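# Residue-level structure breakdown
The residues making up each chain are set out below.
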Amino acid sequence: MTSQQFAAISLVLVTSCIVAVGVSFALSKPRSPAETAARFGTLRRKGFFILVPAVLALLAYASLRTPFPHEYDDTDAFVVNVVGHQWYWELTDKDGKPVTKLSEGKIAFLVTSADGDVNHGFGIYDPHRKLWHGKLIAQTQAMPAWVTRLFRVPYVNKLVVALSPGEYVIECTTYCDGEHDKMKDTFTVVRKEGAKS
Amino acid sequence: MTTILDARRRTRWMLLELLVLFVVLNALGVTLRLIQSGLPLGLSEHIGYAIMTLHGLGMPSVFSMAVLVLAGWFLETKVDVRVPAWVWTWSFRIFRIGVALLIVATLVGGFAAGWYALYPIPFSEMTTWSRPVTGLGVFSVLVVGVALLVLIVALLTAMLRKFGWLDAMAWRNIGSVPPIVLISMASLINMSFSIVDGAWFLTLNLWQVVDPSVSFDPMMMKNIVFIFGHTLVNADMYMMAGPLYAVMPKYSGVPWKTDIWTAIAWNMSPLIVPGAFGHHTYMDFVNSHVIHYLGQAASFLSVVPLLLVTFYGAGKQFWGVHYGNWHFVPIAYGMAIMWWVIGGFAAVIDAMISMNFVFHNTLYVVAHFHTYGLMGLGFFLIGSAWDIFPGNEKWGKRAFLVMNMSGFMFVLAFYLAGLAGVPRQYAGYADIPMLDLAQYAQMLALIGGIGGAVFLAGLLALLGAFVHAHKR
């Protein structure tokens, strides 16, 4: 995720610089109307035929890599049920017991909100990462169970992440009124028994 | 009997009133940033959330109305498309009522559901405000929507009456269609679609206020509200290209006419823009996959044609502007385009799912929409208003320079906080259990707050430059 955030911020900065240079260049070159029209006539035609395919190629590439993988292989994952309440998190294991220590490796979070509750955002933060690397490492939305006109469906978001041993912080990332900014929790990922250190 | 003011007086009055609202909402935004910084202002976090709600709902309302007022002026003066004066008067009166009710609901009643009132937040038993206040808050937004819709329909019918569908959408006689007509048509179609969709959302909410036994699917409601919000602010932004096309040739001496590419690009806009909302729901893995794919594709595609056509066209205009013609207006438009591109590019980055995974609901999101909202759309509005009612050039330019620099400081603080992963919509960061992140977020909130305050001072100076030129 670090590389993504760096890529994003450097893309923003580089584009901003290019745009700023472009704007100042445009501002500094007075031209006659006729000259301008001639110059831009060709530039625009060229621009259209180069830029359109380029952006379409980018789009195709981005779409191949996305959207977010909807099917997960969580057969050997440590399963944690997460329920968001106003304004606390409830983490239980598959037997329904409260859990704060998770086993290292692939972890499947099954995230939802309590009945009659509101939306929450389940954001996992790694407190040991540097600010510049971004501390938010994964997230999904927690939405309350819902009722359709015909039947009731348990509504669950599933997030599968591989976490290394250490402490993690959960913050609510979707506005949920009142104590939203205080809605937090922590959990620890511990080494699997018998694993080499 | 309605007092009918002539177009110029009416436009000036409405713009001044909207500017006052803008200044107030701006000041509230700065206050929120200062509350976030942890300064002992004596304001509770709940007040912070009420302010956030008013700021988030008020700003798009003011921007949308200002866009319609300015587009209406240029349509009337450039292509003689007239909306009856009583429509302006009455829609603006309705708008005033809506905004007044919104202020009462948030600042007096404590309505703090956030701009998108993410269902079912207004109906939680834990809400910090009462159920009637929810009704008032929802109703106030509906009233604002009605005011906007009246004007949108009036502008659309006026254009269709004069040009007809085929000419207005440039399906024939491409070269003779004024660009402002084509652009306004495309954007108003988007706007009307978005407002009808928003009215649907608000009506469902009102229904539940009246009859608490009903409830709706939260995912459906989330999709509906983002179709509304995303499409509306996008359409506002695109609509301001109309005055840009209409005004720039005056300063550049280069004609700016509709050509085949312009026609294609703007005709694509109502087809693509509403689909882009899907990128707001990437993190709802259970949402329809079609919406996710559509969101990704539309987010990219909506940028391509309009960006190429408008920015190349604008480049040609700016190159045509001679030294002597570097008035306030082309400078404001130039900077508006720059911030629009920067904010728009940041938005496209966030519209990629892999990026969204770490940027969704962080201050990065807030950063990008302040970049193209406050400084993109805001500067377009200022430039267009200045063209109609020019102020003192020298002082106007100085104030505008201050606004650009402080605005950059303001949005940069958001970008940096977003990069670190600071969540959005927090009234305070003191409770984040990561000390470095909490302190960093508070420091950036203070820097952003100072930037915002200086921006506000620049805006007031700009108003002073206008008053200075008109007092004689």
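Details of the structure are given in the entry above.
Heads up: these notes are all about the structure in this document. Quick caveat: nothing in here was measured; it's all calculated off a predicted structure. Sequence order as written defines residue numbering, which begins from 1 separately in each chain. Key to labels: chains lettered from A, ligands numbered from 1, both in the order written. Confidence filtering applies because this is a predicted model: local features only for residues at pLDDT of at least 70, side-chain atom pairs given and counted only at 80 or more, and all residues used for totals across whole chains, interfaces and linings. To obtain the side-chain values, all non-hydrogen atoms of the structure were used and water was disregarded.

Looking now at the state of the cysteines. Residues and elements named next belong to chain A. We call a pair of cysteine sulfur atoms a disulfide whenever their separation is within 2.5 Å. Overall, the coordinates contain 0 disulfides over all chains when judged by the stated rule. Summary of cysteine pairing: Cys172 is not part of a disulfide, and the nearest cysteine sulfur, belonging to Cys176, is at 3.8 Å. Remark: exposure states derive from per-residue accessible area (1.4 Å probe, protein chains only) relative to the maximum for the residue type, with buried under 20%, exposed over 50%, and partly exposed in between. On the accessibility criterion, Cys172 (0% relative accessible area) is buried.

Before going further, it helps to examine the packing of helix 11 (residues 328-350) of chain B against helix 14 (residues 393-420) of chain B. Residues and elements named next belong to chain B. Orientation is described by lines fitted to C-alpha atoms, with helices fitted over the stretch in contact, and by angles between N-to-C directions that extend from 0 to 180 degrees. Helical segments are the DSSP runs of H or I of at least four residues, strand segments are the runs of E of at least two, and each set is numbered from the N terminus. Contact geometry of helix 11 with helix 14 gives a least axis separation of 11 Å together with a crossing angle of 10°. In terms of their interaxial angle, helix 11 and helix 14 are classed as roughly parallel. Contacts from Phe328, Ile331, Ala332, Met335, Trp339, Ile342, Gly343 and Ala346 in helix 11 reach Glu393, Gly396, Lys397, Phe400, Asn404, Phe408 and Tyr415 in helix 14. Should an angle fall under 35 degrees it is called roughly parallel, over 145 degrees roughly antiparallel, and 65 to 115 degrees roughly perpendicular, with every other angle called oblique. Two residues qualify as a contact provided that any one of their heavy atoms is within 4.5 Å of a heavy atom in the partner residue.

On to the pattern of salt bridges, then. Each salt bridge in this description consists of a side-chain nitrogen of Lys or Arg and a carboxyl oxygen of Asp or Glu lying within 4 Å of one another. Counted by the stated rule, this structure contains 14 salt bridges over all chains. Measuring nitrogen to oxygen at the nearest pair gives 3.2 Å for the salt bridge that ties Lys106 of chain A to Asp76 of chain A. Pair noted here: Lys106 of chain A is in strand 4 (residues 105-113) and Asp76 of chain A is in the loop between helix 2 (33-65) and strand 1 (78-85), with a separation of 30 residues, a long-range link. On the basis of relative accessible area, Lys106 of chain A is assigned to the partly exposed category, the value being 28%. A relative accessible area of 57% means that Asp76 of chain A is categorised as exposed. Close ionic contact of Glu76 of chain B with Arg10 of chain B constitutes a salt bridge, the shortest N to O distance being 3.5 Å. One end of the pair, Glu76 of chain B, is in helix 2 (residues 45-79); the other, Arg10 of chain B, is in helix 1 (residues 7-36), with 66 residues separating them in the sequence. Neither residue differs from the other here; Glu76 of chain B and Arg10 of chain B are each classed as buried. Salt bridges here are not isolated pairs; linked through shared partners, they connect Asp181 and Lys182 of chain A together with Glu45 and Asp431 of chain B.

It is worth spelling out the environment of Ile272 of chain B at this point. Inspection of the secondary structure assignment puts Ile272 of chain B in helix 8 (residues 260-272). For the pair formed by Ile272 of chain B and Leu182 of chain B, sequence separation is 90 residues and the distance between their alpha carbons is 16 Å.

Turning our eyes to something else, we now look at the packing of aromatic side chains. Pairing of aromatic rings covers Phe, Tyr and Trp, the last counted by its six-membered ring, and requires centre-to-centre distances within 6.5 Å; plane angles under 30 degrees mean stacked, over 60 mean edge-to-face, and any other angle means tilted. In total, this model carries 30 aromatic pairs over all chains according to the counting rule given. Between Tyr245 of chain B and Trp256 of chain B the ring centres are 3.8 Å apart and the planes differ by 20°, which places this aromatic pair in the stacked class. Residue Tyr245 of chain B is located in helix 7 (residues 241-252), and its partner Trp256 of chain B is located in the loop between helix 7 and helix 8; the two are separated by 11 residues in the primary sequence. Through pairs of rings, three or more aromatic residues link up here, namely Trp89, Phe109, Phe122, Tyr168 and Phe187 of chain A. The criterion for a charge sitting over a ring is simple: Lys NZ or Arg CZ within 6 Å of the ring centre, and within 35 degrees of the ring normal. Its guanidinium or amino end placed over the ring of Phe163 of chain B, Lys162 of chain B lies 6.0 Å from that ring's centre, counting from NZ or CZ. Between Arg398 of chain B and the ring centre of Trp395 of chain B, over which it is positioned, the NZ or CZ distance is 4.8 Å.

Attention shifts here to the sheet that holds strand 6 (residues 136-142) of chain A. Residues and elements named next belong to chain A. Spatial strand order, 3-11-10-5-6: 5 strands in an open sheet with mixed pairing. Of all strands in the sheet, those bounded by a partner on one side alone are strand 3 (101-103) and strand 6. Strand-to-strand twist in this sheet, taken as the mean axis angle between neighbours without regard to direction, amounts to 30°. Here strand 5 (residues 120-125) runs beside strand 6; their pairing, made up of 6 bridges, is antiparallel. Within strand 6, the residue paired with His120 across the bridge is Ala142. Whether two strands pair comes down to DSSP finding at least two bridges between them.

On the secondary structure map, Ser140 of chain B appears in helix 4 (residues 131-168). Not counting chain neighbours up to four residues away, the residues in contact with Ser140 of chain B comprise Gly98, Leu101 and Leu102 of chain B.

Before going further, it helps to spend a moment on helix 6 (residues 218-239) of chain B. Residue and element names in this part refer to chain B. Counted at 1.5 Å a residue, the expected span for helix 6 with its 22 residues is 32 Å, and the 31 Å between its end C-alpha atoms agrees. Among the 22 residues of helix 6, 20 are classified as buried, and the element is accordingly described as predominantly covered. A side-chain oxygen of the first residue of helix 6 lies 3.0 Å from the backbone nitrogen of Met219; this N-cap is Asp217. Under the convention used throughout, the expected extent of a helix is 1.5 Å for every residue step, that is, one less than its residue count. We define a polar contact as two N or O atoms separated by no more than 3.5 Å, with the added condition that, inside protein, one atom must be a possible hydrogen donor and the other a possible acceptor, whereas residues neighbouring each other in sequence contribute only through side-chain atom pairs.

A few words now on the sheet that holds strand 9 (residues 157-163) of chain A. All names here are of chain A. Within the open sheet, the 4 strands sit side by side as 2-1-4-9. Their pairing is mixed. Bordering the open sheet on either side are strand 2 (88-92) and strand 9, each of which pairs with just one other strand. Ignoring strand direction, the axes of neighbouring strands in this sheet form an average angle of 25°. Pairing of strand 1 with strand 2, which is carried by 5 bridges, proceeds in the antiparallel orientation. Bridged to Asn81 within strand 2 is Thr92.

What follows concerns unusual backbone geometry. Between Gln86 of chain A and Trp87 of chain A the backbone carries a cis peptide bond, its omega angle lying at 0°. On the secondary structure map, Trp87 of chain A appears in the loop between strand 1 and strand 2. Cis geometry marks the peptide bond from Tyr119 of chain B to Pro120 of chain B, where omega comes out at 5°. Residues other than glycine seldom take positive phi values, yet Ala117 of chain B does so here, at roughly 35°.

Everything listed is a geometric property; what it means functionally is a separate question.
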